[in-house]
Amino acid sequence: MFTNQARFWVLISFIMVSGFVQGMLLPLLAIILEQSGVSSSVNGLHATGLYIGILVASPFMEKPLQKFGYKPLILFGGAMVFSALTLFPLWQNIWFWFVLRFIIGIGDHMLSFATQTWLTSTTTQKNRGRTIAIYGLFFSLGFSIGPLMSQLVSIHEHIPFITAALLCFVVWLMVWFVRNDYVTEDGTSVTVQLAVTSTLGRFIKTTKIAWIALLAPFTYGILEALLHSTFPIYGLRIGHGIERISLIIPTFSVATLLTQVPLGALSDRVGRDRVLPAVTGLGAIIFLLSAQFDGYFFGLTITFAIAGMLLGSLFSMGVSYMADLLPRALLPAGNIMCGITFSIGSMIGPYLGGLFINYFPKLSFFYIIVVVLFIITFLFAIKKQHALIKEKNI
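Residues numbered from 1 in each chain as written. Predicted model: local features only at pLDDT ≥ 70, side-chain atom pairs only at ≥ 80, totals over all residues. Heavy atoms only, no water.

**What to know about the packing of helix α11 (residues 272-292) against helix α12 (residues 297-311)**
Here's step 1: Close contact between α11 and α12 brings their axes to 9 Å; oriented N to C, the two are set at 170°. The angle between α11 and α12 falls in the class roughly antiparallel. For the pair α11 and α12, the contacting residues are Val279, Thr280, Leu282, Gly283, Ile286, Phe287, Leu289 and Ser290 in the first and Leu300, Thr303, Ile306, Ala307, Leu310 and Leu311 in the second.
Here's step 2: Of the residues in the contact of α11 with α12, the class split is 10 nonpolar, four polar and no charged. (Axes fitted to C-alpha atoms, helices over the stretch in contact; angles between N-to-C directions. Helix = DSSP H or I, 4+ residues; strand = E, 2+ residues; numbered from the N terminus. Parallel < 35°, antiparallel > 145°, perpendicular 65-115°, else oblique. Contact = heavy atoms within 4.5 Å. Nonpolar A, V, L, I, M, F, W, Y, C, P; charged D, E, K, R; others polar.)

This is the structure:
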């Protein structure tokens, strides 16, 4: 059996592969379906399969985790992911692939939920921040590398699926050598019981109090899905090759790694209610510039990188903002709601982008991102103004 230190890196490796699979599938399937003549709206709707799987699986994660422990959930979820990946080359059918995406969503959420809970529950409070930072870093690295697999389509479109399945299988085998552990009784486990009335009530109360904070992960979900699943469709239509598209997309995720900590520290000092409208407003301006340079590889690469540095922290900053607003008793519900709103945004984004391309084929795809970001900036600013007025009245 592996030591605790070795177990940590096995789990981190699986999370990196998880990010790799997600980062690969969004642009890869969008490109293949686009080349097969699938409409952009249907293509965007197809991308929601993974996130529907995540939402469907969420209410049923806690009880199996408590009964069987972390290891069986990770093994079962990992088996679902690499099995579905191996099935993609067997039959290129849009509905068959949608089902496979759905299965990957369930399996990926299962292993991610168990892995994240295992890491947080076995790490001391002193080191927890560093541990989760490493967790997020490796997921982002995997997510950044994934789109590069789209270049292998020019050799054979089955190669990316087979490569991802093999990577997943290798890490899955390593998990067998990790000793199983169980959820502790001290409340460190993450509870997801959407069917329980009291929990549903806490979710409603959480939304009423922290709705403004939940807009950040919701917006990040829309943005990430648009860039990874809809931009490849638009990029192909305006003349960018698969190689260029697969190089442009990762610049957003890679640039995100540079500013996560600085922006978080800045929001600690000046307030998240000030930083959030600033980054979304500047992000809207950057994507407005992207619309002017969408035919140029270097122009898009630069604007994607700047946008990543500004907007890549939306999810983590939204979680921090949520924690600022909620009482301690509602923090578990708040964390779950951040994940749910991110998934909803990820489902809305591709379909919204596909409709935009269909109905406004002569307009730049980036205008839809600009509109979304300006709306969110307006809501952040209005909420901030109301808070200032309330503070003065007090």
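Still more ground to cover, so stick around.
**Looking at the pattern of salt bridges**
Here's step 1: Using the criterion set out here, one finds two salt bridges in the structure.
Here's step 2: Across the pair Arg237 and Glu34 runs a salt bridge, and its minimum N-O distance is 3.0 Å. Separated by 203 residues along the polypeptide, Arg237 in helix α9 (residues 197-237) and Glu34 in helix α1 (residues 4-35) bring together distant segments of the chain.
Here's step 3: We classify Arg237 as partly exposed; its relative accessible area is 42%.
Here's step 4: Since its relative accessible area comes to 15%, Glu34 is described here as buried.
Here's step 5: Residue Asp324 pairs with Arg272 through a salt bridge whose shortest N-O separation is 2.6 Å. Here Asp324 is found in helix α13 (residues 314-325), whereas its partner Arg272 is found in helix α11, with 52 residues between them in sequence.
Here's step 6: Of the residues examined, Asp324 reaches a relative accessible area of 44% and is grouped as partly exposed.
Here's step 7: A relative accessible area of 10% means that Arg272 is categorised as buried. (Salt bridge = Lys/Arg side-chain N within 4 Å of Asp/Glu carboxyl O. Buried < 20%, exposed > 50% of the residue type's maximum accessible area, 1.4 Å probe, protein only.)

**Some words on the confidence of the model for the chain**
Here's step 1: Summing up the model confidence of the chain, the mean pLDDT is 82 and the portion of residues at 70 or higher is 87%.
Here's step 2: Below pLDDT 50 for its whole length, residues 185-197 participates in 21 contacts with residues either more than four positions away or in separate chains. (pLDDT = per-residue confidence, 0-100.)

**Comments concerning helix α8 (residues 159-175)**
Here's step 1: Between the first and last C-alpha of α8 there are 25 Å, a value that for 17 residues agrees with the 24 Å anticipated at 1.5 Å per step.
Here's step 2: Along α8, the positions that sit buried rather than exposed are Pro160, Phe161, Ala164, Ala165, Cys168, Val171, Trp172 and Val175. Seen from one end, α8 has its buried residues packed into an arc of 135°, which puts them on one side. (Expected span 1.5 Å × (residues − 1). Arc of directions from axis to C-beta.)

**Description of the packing of aromatic side chains**
Here's step 1: Within this structure, the stated rule accounts for 25 aromatic pairs.
Here's step 2: With a centroid separation of 4.8 Å and an interplanar angle of 10°, the aromatic rings of Phe88 and Phe161 are classed as stacked. With Phe88 in the loop between α5 (70-87) and α6 (94-121) and Phe161 in helix α8, the pair connects residues that are 73 residues apart, well separated along the chain.
Here's step 3: Aromatic pair Phe297 and Phe298: ring centres 5.2 Å apart, planes at 70°, arrangement edge-to-face.
Here's step 4: With relative accessibility at 18%, the residue Phe297 sits in the buried group.
Here's step 5: An aromatic cluster is built from Phe231, Tyr234, Phe287, Phe304, Phe365 and Phe366, whose rings are joined through pairwise contacts. (Phe/Tyr/Trp six-rings, centres within 6.5 Å; stacked < 30°, edge-to-face > 60°.)

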